[in-house]
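What follows is each chain in one-letter form.
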Amino acid sequence: MERKPLELESTDHHPKPSSAVYGGPVTAVDSVEDEVQEPKVVFRGWKVMPFIIGNETFEKLGIIGTLSNLLIYLTSVFNMKSITAATIINAFSGTINFGTFIAAFLCDTYFGRYKTLTVAVIACFLGSFVILLTAAVPQLHPTPCGNASTCVSPSTGQIAFLLMGLGFLVVGAGGIRPCNLAFGADQFNPKSESGKRGIDSFFNWYFFTFTFAQILSLTLVVYIQSNVSWTIGLTIPVVLMFLACLIFFAGDKLYVKVKASGSPIAGIAQVITVAIKKRGLKPAKQPWLNLYNYYPPKYANSKLKYTDQFRFLDKAAILTPEDKLEGDGKPSDPWKLCTMQQVEEVKCIVRVLPIWFAASIYYLTITQQMTYPVFQALQSDRRLGSGGFVIPAATYVVFLMTGMTVFIVIYDRVLVPTLRRITGLDTGITLLQRIGTGIFFAFASLVVSGFVEERRRTFALTKPTLGMAPRKGEISSMSAMWLIPQLTLSGVAEAFAAIGQMEFYYKQFPENMRSFAGSIFYVGVGVSSYLGSFLIATVHRTTQNSKTGNWLAEDLNKGRLDLFYFMIAGILAVNFAYFLVMARWYRYKGSDDEVTSYETNEDIIKQQQDKSTA
């Protein structure tokens, strides 16, 4: 499937003229399109940002307000065991993140970003509303357990209704994540200086609203849910999601709506398929000159030179007598002949995959720091001051977000200028160095987590306790504030690794694959969520009859959560060593140290034309 040039939704249609091609025996063909009158596109930029950023703020408040305390909701309202609730949360998070891949495919291929977001924001509202009903309607959740030792498990119907709500949220969040950021950037003119600055500022505002929504949800909304009423606490996200829908649709007539232009996944499949079909051909002696090449009119991507890497893919662009071309030089069947440009774009993706794998393993840290510190807080001293105020357990995760937010400012305003003077790089350090630093801080956070849990458990077993946590065990006299260092280190790790990854994928993928690049970031997070669920289930099953006891027991005082943290730290240490090897092997797209690149026939033709006109 050929990816179409960038188009905007419009009622005006202009027939495209036939293309001219280079004469002579060259294999690089560049289509030249005559100028036609095209509908003028009005980029309103910041004028529509109140609608987009307003929708983003309320939508994130709604989704995070529903999901941030879901772990406690499942254990306290649905009477689930901690191990079951943690497994469901990890699987749910993984499904949302894998859903972004499907949503990006549907968005690029069929619907475009605006229509995809339309379905997604409505699905998020419905999902939040269904979750609210499970709390507000007594028949939709099991009988409250209270302090009883045995509890009534949820019925099949109650679980099915809950899963329906989570399913709506999967559709909504899976559609919003890969499309929202790009849709906002669509509103700025990428060819003007003001538009480029606007895009940069929009990215900053996007991450600000995301973090702001997380902090507000993890404090105010979680407090209301835990200490006032689950019904009231879950009504707030529903109202916010409704406001998000109203704000988003209010700007309908003002948005720039980019039409679907075809998915890059088809192009990837074509290169791999054709390379397999032609695997018996002899490699081209001078592939940078002899491989077939063609550029469609208004091709969105920058033209890539041949690189002497992954040469088994080059055979997809070998022109044989059986291959047929159309009048403008375009392959008649893209499943029998690909262009060198397509091959090089696939090489860009293949080079990124080893880095993506290491980044996926890194997210094991964040997955665990979003779940088990909540259980640690439940069995720690959460009192603040002498007034008797108790901090909700789920609120402690806000320190991860705060650490990330504060360090982003420090990194941008202090570290980058300092490192720039040392390294001479505009970014201070390379993107891979930034990701690697994040992986190191994640490793450090896990080691600290293990020692803090060892201290909490020792206090609970050797010193007077503060009572019983419902369905858990004795509450340790250790202050829950001891959890702040591990969460702060995780936030610093995110400031390095998460933002570094998003920028890395954005810059290293071909231009028309950037939506796909955004989705694989979330797919990596999803992989770590599923891997986290697998590790939890495996450790629970293998240690429950061991001499040390079940590491992940319902009562943390009887378990060995510290050993679980140290185990994941060991996995991350191996992953860090692997990342260093892959980072040393990696070559940035378009950099001076790129794997050997060569001039194509098209480059030679252009040089000759420049000389003849000089």
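Residues numbered from 1 in each chain as written. Predicted model: local features only at pLDDT ≥ 70, side-chain atom pairs only at ≥ 80, totals over all residues. Heavy atoms only, no water.

The name given to the protein in an unreviewed UniProt entry is Protein NRT1/ PTR FAMILY 2.11, with Noccaea caerulescens as the source organism. Taken verbatim from the UniProt record of the protein, the Subcellular location (unreviewed entry) comment is "Membrane". Turning to the protein, the UniProt annotation filed under Sequence similarities (unreviewed entry) states: "Belongs to the major facilitator superfamily. Proton-dependent oligopeptide transporter (POT/PTR) (TC 2.A.17) family." (UniProt positions renumbered as here; feature names shortened; annotations may be inferred.)

Asker: Is there a simple way to explain the overall build of the protein in this structure?
Answerer: Helix and strand content of the protein: 16 helices and six strands. Considering only contacts within the protein whose residues lie at least 6 apart along the sequence, 82% involve residues at least 24 apart. (Helix = DSSP H or I, 4+ residues; strand = E, 2+ residues; numbered from the N terminus. Contact = heavy atoms within 4.5 Å.)

Asker: Would you mind showing me how to read the side chain of glutamine 368 here?
Answerer: Tracing the backbone through its elements, the reader meets glutamine 368 in helix α9 (residues 340–369). Residue class for glutamine 368 comes out buried when judged on its relative accessible area of 0%. Setting aside chain neighbours within four positions, we find glutamine 368 in contact with Pro373, Gly532, Ile536, Phe564 and Ile568. (Buried < 20%, exposed > 50% of the residue type's maximum accessible area, 1.4 Å probe, protein only.)

Asker: So what exactly am I meant to see when it comes to the packing of helix α3 (residues 82–136) against helix α6 (residues 230–250) here?
Answerer: Packed helices, taken two at a time, are described by their axes: the angle between them and the distance between them. Orientation of α3 relative to α6, taken along the N-to-C sense of each, is 165 degrees, at an axis distance of 9 Å. Overall, the two elements α3 and α6 adopt an arrangement that is roughly antiparallel. Between α3 and α6 lies a crossing of left-handed hand. Among the residues forming the contact of α3 with α6, the class breakdown is 19 nonpolar, four polar and no charged. (Axes fitted to C-alpha atoms, helices over the stretch in contact; angles between N-to-C directions. Parallel < 35°, antiparallel > 145°, perpendicular 65-115°, else oblique. Left-handed = near helix turned anticlockwise from the far one by under 90°. Nonpolar A, V, L, I, M, F, W, Y, C, P; charged D, E, K, R; others polar.)

Asker: Is there a simple way to think about the packing of helix α11 (residues 398–423) against helix α13 (residues 484–508) in this case?
Answerer: Where α11 contacts α13, the two axes come as close as 7 Å, and the packing angle between them is 50 degrees. Regarding the angle of α11 to α13, the classification is oblique. The element α11 and its partner α13 pack so that their crossing is right-handed. Only Ile484, Leu487, Thr488, Ser490, Gly491, Val492, Glu494, Ala495, Phe496 and Ile499 of α13 make contact with α11, whose side of the interface consists of Phe399, Leu400, Gly403, Met404, Phe407, Ile408, Tyr411 and Leu415. Class assignment for the residues of the contact of α11 with α13 results in 13 nonpolar, four polar and one charged.

Asker: What exactly am I supposed to notice about helix α4 (residues 156–186) here?
Answerer: For the α-helix, the turn length of 3.6 residues means that residues three or four positions removed from each other point alike. For α4, spanning 31 residues, the distance from its first C-alpha to its last is 45 Å, which sits close to the expected 45 Å at 1.5 Å a residue. When the local axis directions of α4 are compared, the greatest deviation, roughly 40 degrees, occurs at cysteine 179. (Expected span 1.5 Å × (residues − 1). Bend = angle between axes of the 7 residues up to and from the residue.)

Asker: For this particular structure, what's the right way to read the environment of tyrosine 578?
Answerer: Of note, tyrosine 578 is situated in helix α15 (residues 561–585). Considered as a pair, tyrosine 578 and isoleucine 355 are 223 residues apart in the sequence and their alpha carbons are 9.3 Å apart.

Asker: What exactly am I supposed to notice about a nonpolar patch on the surface here?
Answerer: A contiguous nonpolar patch, built from Tyr223, Val228, Ile232, Leu384, Phe389 and Met481 and spanning about 510 Å² of accessible area, is present on the exposed surface. Looking at the element boundaries, valine 228 is found in the loop between α5 (193–227) and α6. (Patch = residues over 30% accessible without salt bridge, like charges linked within 9 Å, V, L, I, M, F, W, Y side chains within 5 Å. Areas by Shrake-Rupley, 256 points an atom, 1.4 Å probe, with all protein chains shown as cover. Salt bridge = Lys/Arg side-chain N within 4 Å of Asp/Glu carboxyl O.)

Asker: What's the story with empty space enclosed by the protein in this structure? I'm lost.
Answerer: The probe, sized like a water molecule, is rolled over the atoms to show the empty space still left. Counted by the stated rule, this structure contains five cavities of 30 Å³ or more. Considering every element that reaches the lining of the largest cavity, the biggest residue donor is α3, with six residues. In terms of residue class, the lining of the largest cavity is made up of 30 nonpolar, nine polar and four charged. Domain assignment of the residues forming the lining of the largest cavity places at least three in each of domain 1 (41–261) and domain 3 (350–588). The volume enclosed by the second largest cavity comes to roughly 70 Å³. Taken together, Ser82, Ile83, Tyr372, Phe375, Gln379, Lys472, Leu552, Ala553, Glu554 and Leu556 make up the lining of the second largest cavity. The class makeup of the residues in the lining of the second largest cavity is six nonpolar, two polar and two charged. (1 Å grid on protein atoms, 1.4 Å probe; cavity = no way out; pocket = protein on both sides within 12 Å on 5 of 7 lines; lining within 4 Å. Points joined across faces, edges and corners; volume = space filled by probe spheres on them. Domains from an automatic or database assignment.)

Asker: Which parts of the structure should I look at to understand the side chain of glutamine 379?
Answerer: For glutamine 379, the position within the fold is in the loop between α10 (372–378) and β4 (383–384). Among the polar contacts listed, one links the side chain of glutamine 379 to the backbone nitrogen of leucine 556, at a separation of 3.1 Å. Not counting residues up to four positions away in its chain, the partners in contact with glutamine 379 are Arg456, Ala469, Lys472, Gly473, Glu474, Ile475, Ser476, Glu554, Asp555, Leu556 and Asn557. (Polar contact = N/O pair within 3.5 Å; in protein donor to acceptor, adjacent residues only side chain to side chain.)

Asker: What exactly am I supposed to notice about unusual backbone geometry here?
Answerer: Trans is the prevailing form of peptide bonds, just as negative phi is the prevailing case for residues other than glycine. A positive phi angle is found at asparagine 79, which is not glycine, with a value near 55 degrees. Overall, the relative accessible area of 7% leaves asparagine 79 in the buried class. Look at phenylalanine 310: it is not a glycine, yet its phi comes out positive at around 50 degrees. Along the polypeptide, phenylalanine 310 turns up in the loop between β3 (306–307) and α9.

Asker: Please explain the nonpolar core as it appears in this structure.
Answerer: Nonpolar side chains in soluble globular proteins tend to be buried together. Formed by 128 residues in total, the largest nonpolar core has its most connected members in Tyr372, Phe504, Tyr505, Phe509, Leu552 and Phe564. Setting aside anything within four residues of it in sequence, one finds leucine 552 in contact with Ile83, Tyr372, Ile536, Val539, His540, Leu561 and Phe564. Core analysis: the next-biggest nonpolar cluster, separate from the first, contains nine residues, Tyr411, Val416, Phe496 and Ile499 among them. (Core = buried A, V, L, I, M, F, W, Y, C linked by side-chain atoms within 4.5 Å.)

Asker: Any chance you could explain the pattern of salt bridges here in plain terms?
Answerer: When their charged atoms lie close together, side chains carrying opposite charge are able to pair. One pass over the full model with this rule turns up eight salt bridges. When the shortest N-O distance is used, the salt bridge between lysine 278 and aspartate 323 registers 2.8 Å. Here lysine 278 is found in the loop between α7 (264–277) and α8 (287–290), whereas its partner aspartate 323 is found in the loop between β3 and α9, with 45 residues between them in sequence. Exposure remark for lysine 278: the relative accessible area of 9% places this residue in the buried category. Judged by relative accessible area, aspartate 323 falls into the buried class, the value being 13%. Among the ionic pairs, arginine 311 bridges to aspartate 314, the shortest N-O distance being 3.9 Å. Each of Asp308, Arg311, Asp314, Glu344 and Lys347 takes part in a single network of salt bridges with overlapping partners.

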